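Examining the three-dimensional arrangement
Residues per chain, in single letters:
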Amino acid sequence: MAIVGAMLLAELSARWVGPEIPRVAGSEERVYIKADQLYGHGGHMDLVFLGASETAGGLLPGVVDKEVPGLSGAYNAALVGAPPSTNAIWFKRVVDPAVHPDVAVIGMLPMAASRIDVKADPAAKNVAAYQAAFDVIDPGGLGSIAWRLRQRSALIRYRTELRQPVLLFKGIGRAAQDLVGDQADDAADPANDAKGIDAETETDPKAVARNTAPTGEILDYRQASLPVTKDDVGAAIYKIFEDGTPYYSLLARLVDTLRSHGTVPVIALAPIDRKPLIAGGVDFARLDRLATELEQWGADHGVPVLDTFTSTWPSDLFHDRNHLDLAGAQRWSGEVGTWLDQLCRKHELGSACTS
């Protein structure tokens, strides 16, 4: 009985102190935030979004959900800088055990399904951070039990921080201060905070949390871009993308993972701000061909594809060349929602739709 009492006291103490232990956020922070949000949805959602940054900021679950009466509830599980292979692991180890979605929208740019000859993969650091976070959330050995134990036990959730005495004592001090201090600012609703952050450089966990909406979309890109007529730096990057060749193995792995868990995959190709890139010398003929070939791949493999990549959208709908601002995200989300509703009505999403 004494042991049980001691464990209960330790758990209650960890719940009080754990959130206040100072730590530095990295790319993995949104994995932890989104894992908690997914767990809080109670075991099932009809629709989730997977992808990288263009999807994490560009698809708004609330807007999509309103357009699809046949699907109820949506969550944006996309992770900045996450390629299809990372999304497959994320879905298998965390997303599916949490909400068992009926449909998954894979938001992406066509370049994510191509092979590009570069010396260093700019997403490699993010991928490594995400993998480490997956291992913390789902350490394996106990199946989904380990994942659920972390969600319910502060001793497990904060075990790494609790083992560091200096940080632990700082956490105790901050927790004690919270008892008499005004913490209203920390409790701000993230949906009302549109200041935006740079996910590559932000190290404050609370800032990351404030810029992650309860339905998963990130608020990093909500401000509109300053007027830009020509983007030479962005154009240089896209000229590298022009030399890409179709490579569908990683995308196929993600599609197969979704299907193996009973989830219907669809693909939505995101728009980009073309005009400043064209002014910088980008020839979109090759990139548009990648999009067309990806559509054909989808048709051959029974995966519906919505192409907005090859369309020219007004520059005032973008935060930068690759990311939509709030108005742009609302437009893309509306188009994706309308498309999903059409797929429902055509019975192309299996038994996922209720009408």
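No experiment lies behind these values; they were computed from the predicted model shown. (Residues numbered from 1 in each chain as written. Predicted model: local features only at pLDDT ≥ 70, side-chain atom pairs only at ≥ 80, totals over all residues. Heavy atoms only, no water.)

**Here we look at helix α5 (residues 84–99)**
Taking 1.5 Å as the rise per residue, α5 with 16 residues should run 22 Å; its terminal C-alpha atoms sit only 19 Å apart, a clear shortfall. If you look at α5, its biggest bend is around 50°, right at F91. Counting buried residues in α5 gives 14 out of 16 residues, a clear majority hidden from the surface. At the exit of α5 stands H100, carrying a positive phi of roughly 40°. (Helix = DSSP H or I, 4+ residues; strand = E, 2+ residues; numbered from the N terminus. Expected span 1.5 Å × (residues − 1). Bend = angle between axes of the 7 residues up to and from the residue. Buried < 20%, exposed > 50% of the residue type's maximum accessible area, 1.4 Å probe, protein only.)

**Some details on the packing of aromatic side chains**
Applying the stated criterion to the full structure yields five aromatic pairs. Here Y238 and F284 contribute two aromatic rings whose centre-to-centre distance is 6.3 Å and whose plane-to-plane angle is 50°, an arrangement assigned as tilted. Linking Y238 in helix α12 (residues 232–241) with F284 in helix α15 (residues 284–300), this pair joins segments that are 46 residues apart in sequence. When the centroid spacing of 6.4 Å and the interplanar angle of 65° are considered together, the rings of F284 and F309 count as edge-to-face. Here F309 lies in the loop between β7 (305–307) and α16 (326–345) and F284 lies in helix α15, a separation of 25 residues in the sequence. Using a relative accessible area of 0% as the deciding quantity, one classes F309 as buried. Here the aromatic residues Y238, F241, F284 and F309 are joined through ring pairs into a cluster of three or more. In this arrangement the basic side chain of R115 is found over the ring face of Y247, its NZ or CZ atom lying 3.9 Å from the centre. Over the ring of W313 we find R331, and its NZ or CZ is 3.9 Å from the ring centre. (Phe/Tyr/Trp six-rings, centres within 6.5 Å; stacked < 30°, edge-to-face > 60°. Lys NZ or Arg CZ within 6 Å of the ring centre and 35° of its normal.)

**Regarding the pattern of salt bridges**
Scanning the model with the defined rule gives ten salt bridges in all. Ionic pairing is found between R93 and D135, a salt bridge with its closest N-O pair at 3.0 Å. Here R93, found in helix α5, pairs with D135, found in helix α6 (residues 124–137); they are 42 residues apart in sequence, far enough to count as distant. According to the relative accessible area criterion, D135 is partly exposed, its value standing at 37%. When the shortest N-O distance is used, the salt bridge between R331 and E335 registers 3.3 Å. Taken together, the residues R331 and E335, both in helix α16 and four residues apart, mark about one turn of the helix. Looking at R331, the relative accessible area reads 34%, which means it is partly exposed. Taking the relative accessible area as the measure of exposure, E335 reaches 31% and is therefore partly exposed. In this structure, a network of salt bridges that share partners links the residues D231, D273 and R321. (Salt bridge = Lys/Arg side-chain N within 4 Å of Asp/Glu carboxyl O.)

**Focus on the nonpolar core**
Judged by nonpolar contacts, the single largest core of 80 residues is most densely connected at W90 and L340. Per-element accounting of this core gives the leading share, seven residues, to α5. In contact with W90, not counting residues within four places along its chain, are V31, K34, A35, L38, L50, A77, L79, V95 and F134. (Core = buried A, V, L, I, M, F, W, Y, C linked by side-chain atoms within 4.5 Å. Contact = heavy atoms within 4.5 Å.)

**With respect to the confidence of the model for the chain**
Counting all residues, the mean pLDDT for the chain is 85, and 76% of those residues have values of 70 or more. Low pLDDT, under 50, characterises residues 182–194; the stretch is placed with 20 contacts to residues that sit more than four places away or in other chains. (pLDDT = per-residue confidence, 0-100.)

**Details of helix α13 (residues 249–260)**
Over its twelve residues, α13 extends 16 Å from the first C-alpha to the last, a length consistent with the 16 Å expected when each residue adds 1.5 Å. Looking at the buried positions of α13, the neighbouring elements they touch are β1 (47–51), α5, β3 (103–108), β6 (264–269) and α15. Count one or two residues on from α13 and you reach G262, which has phi positive near 80°.

**A word on the state of the cysteines**
On inspection of all chains with the given rule, the structure shows one disulfide. With a sulfur-sulfur separation of 1.9 Å, C344 is cross-linked through a disulfide to C353. Judged by the torsion about the S-S bond (-70°), the C344/C353 disulfide is left-handed. C344 gets classed as buried once you look at its relative accessible area, which sits at 2%. By relative accessible area, which is 18% here, C353 ends up buried. (Disulfide = S-S within 2.5 Å.)

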